[in-house]
Amino acid sequence: MKTILVVGGAGYIGSQMVKQLLATGNYHVVTLDNLSHGYRDAIIGGDFVLGDLADRTGLDHLLADYQFDGIIHFASFIEVGESMQQPGKYYQNNVAGTLNLLDAIISHGAPPIIFSSTAAIFGEPQYTPIDEQHPTQPINPYGKTKWMIEHILADYGRAHQLKFTCLRYFNAAGADPEGQLGERHQPETHLIPLVLQAASGRRSHLTIFGQDYDTPDGTGIRDYIHVYDLCQAHLLALEQLWQGADSTAYNLGNGTGFSVKQVIETANLVTGNTIPIVMGTRRKGDPARLVADSTHAKLKLNWQPQYADLTTIITHAWQWEQQLIR
Ligand code: UD1
């Protein structure tokens, strides 16, 4: 049985990853999380270690205690707006924290690592859909932290024979198809959970951030990818590294963009409610359209998304929202 460390395994995507790893029956899973944004009750099995990436000694103890065969690293701050106000917080946690992790990893046998990157490394798109060759010019500190870590990984890979895969998520969405896990961000800033909170009455309305974009209905277009499919890609990427593949990066999305208005219309149908909306102004740093070209992941990882349909993504997120309000 292989042993895998999931860093940030108490969070939205990390906890789903732990569940899917355990479901295979093939892995011993250890979660490291500082619980600053994650939830202890979201870790449904395996071992749990409370710890922070700032604690290099703690990381060394953890890596000495277990012989990890692979690491999946989700832990980071993710709010674009906050990163503009408090860049230091992002560079400290995301970049310096990851450096500590990488230094600990290379001094304990350098097991391969899967890194959660983001479409935000591309900045304002020069063309869509966005493939792996698209220039990277992040426009906010959050995106820059992920971009820097991709470069740091490349240098560590060359110098220390560390194998890695960077997965650039487009818009992670949906919830555990079995209804056990889902998004619980504090504060919530993502479109789909906010729309569903407005549908359930937890929120008075949803504000549409701008309707003057150069898109068919004027609202921003994003590529929503189901959290389950995202996690499957992590497992495939890790297996590929174990089989001797070279380090690389993959863009992960469904290749179809949906506007804010299309998301709201779909949510109206799924929930049977009419979601109250307010027209607002553009949010700083939001590009008009972000859509992934995931051909590379489909070909090289044999990745086949199971829940690509927006209605399914929103249906699973709605199941989860209804559990939260119960
Ligand atoms: C952003 C980042 C992404 C990051 C993610 C993590 C960019 C371009 N994208 O995704 O890399 O991983 O955050 O948190 O920086 N919207 C509204 N009203 C709302 C909320 C959102 O109209 O109340 C709109 C946004 O303007 C956007 C779309 O909905 O067009 C999706 O927004 P959101 O869910 O916040 O994700 P991104 O900003 O795309």
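Residues numbered from 1 in each chain as written. Predicted model: local features only at pLDDT ≥ 70, side-chain atom pairs only at ≥ 80, totals over all residues. Heavy atoms only, no water.

**Focus: the site of the ligand**
Next up, step 1: The full set close to the ligand counts 23 residues, and T118, H190, T207, R222 and D286 are the nearest of them.
Next up, step 2: Contact between the ligand and T118: an oxygen atom at 2.5 Å from a side-chain N or O atom of the residue.
Next up, step 3: A distance of 2.8 Å is found between an oxygen atom of the ligand and a backbone nitrogen or oxygen belonging to L191.
Next up, step 4: Coverage of the ligand by the protein chains reaches 92% of its 750 Å² of free accessible surface.
Next up, step 5: For the shell around the ligand, the secondary structure elements donating two or more residues are α6 (191-200) and β8 (206-209).
Next up, step 6: For the shell around the ligand, a count of residues per class yields 13 nonpolar, 7 polar and 3 charged.
Next up, step 7: No fewer than three residues from each of domain 1 (2-172 + 225-252) and domain 2 (178-223 + 255-324) sit in the shell around the ligand. (Near = heavy atom within 4 Å. Polar contact = N/O pair within 3.5 Å; in protein donor to acceptor, adjacent residues only side chain to side chain. Areas by Shrake-Rupley, 256 points an atom, 1.4 Å probe, with all protein chains shown as cover. Helix = DSSP H or I, 4+ residues; strand = E, 2+ residues; numbered from the N terminus. Nonpolar A, V, L, I, M, F, W, Y, C, P; charged D, E, K, R; others polar. Domains from an automatic or database assignment.)

**Some words on the nonpolar core**
Next up, step 1: Among the nonpolar cores identified, the biggest contains 28 residues, and I13, L21, I72 and L252 are the most heavily contacted of them.
Next up, step 2: Within the residue set of this core, elements represented by two or more residues are β1 (2-7), α1 (12-24), β2 (27-33), β6 (164-169), α7 (227-242) and β11 (248-252).
Next up, step 3: Element by element, the count of residues in this core is highest for α7, at 8 residues.
Next up, step 4: For this core, the two domains that each supply at least three residues are domain 1 (2-172 + 225-252) and domain 2 (178-223 + 255-324).
Next up, step 5: With near-sequence residues (within four places) excluded, L252 lies in contact with L167, R168, Y169, F170, I225, L230, A233, A292, S294, A297 and W303.
Next up, step 6: Counting residues in each nonpolar core, the second largest holds 27 residues, with F68, A104, I105 and Y156 among its members. (Core = buried A, V, L, I, M, F, W, Y, C linked by side-chain atoms within 4.5 Å. Buried < 20%, exposed > 50% of the residue type's maximum accessible area, 1.4 Å probe, protein only. Contact = heavy atoms within 4.5 Å.)

**Looking at the pattern of salt bridges**
Next up, step 1: All told, the structure shown has 10 salt bridges when counted by the stated rule.
Next up, step 2: A salt bridge links D60 to R56, with the shortest nitrogen-to-oxygen separation between them at 3.2 Å. Within this pair, D60 and its partner R56 are both found in helix α2 (residues 56-65), separated by 4 residues, close to a single helical turn.
Next up, step 3: Owing to a relative accessible area of 29%, R56 belongs among the partly exposed residues under this scheme.
Next up, step 4: Between K89 and E82 there is a salt bridge, with its nearest N and O atoms 3.0 Å apart.
Next up, step 5: Each member of the salt-bridge network shares a partner with another, and the members are K19, D176 and E178. (Salt bridge = Lys/Arg side-chain N within 4 Å of Asp/Glu carboxyl O.)

**Some points on the sheet that holds β1**
Next up, step 1: A sheet is described by the order of its strands in space; here 7 strands give the open sequence β3-β2-β1-β4-β5-β6-β11, paired in parallel fashion. Single-partner strands in this sheet number two, and they are β3 (47-50) and β11. The sheet shows a mean angle of 20° between the axes of neighbouring strands, taken without regard to direction.
Next up, step 2: Judged from the 3 bridges that link them, strand β4 (residues 70-73) and strand β5 (residues 113-118) form a sheet pairing that is parallel. Considered in β5, the bridge of I72 is made with I114.
Next up, step 3: Along the sheet face, α2 touches β1, β2, β3 and β4 and points at about 170° away from the line of β2. (Pairing = 2+ DSSP bridges. Axes fitted to C-alpha atoms, helices over the stretch in contact; angles between N-to-C directions.)

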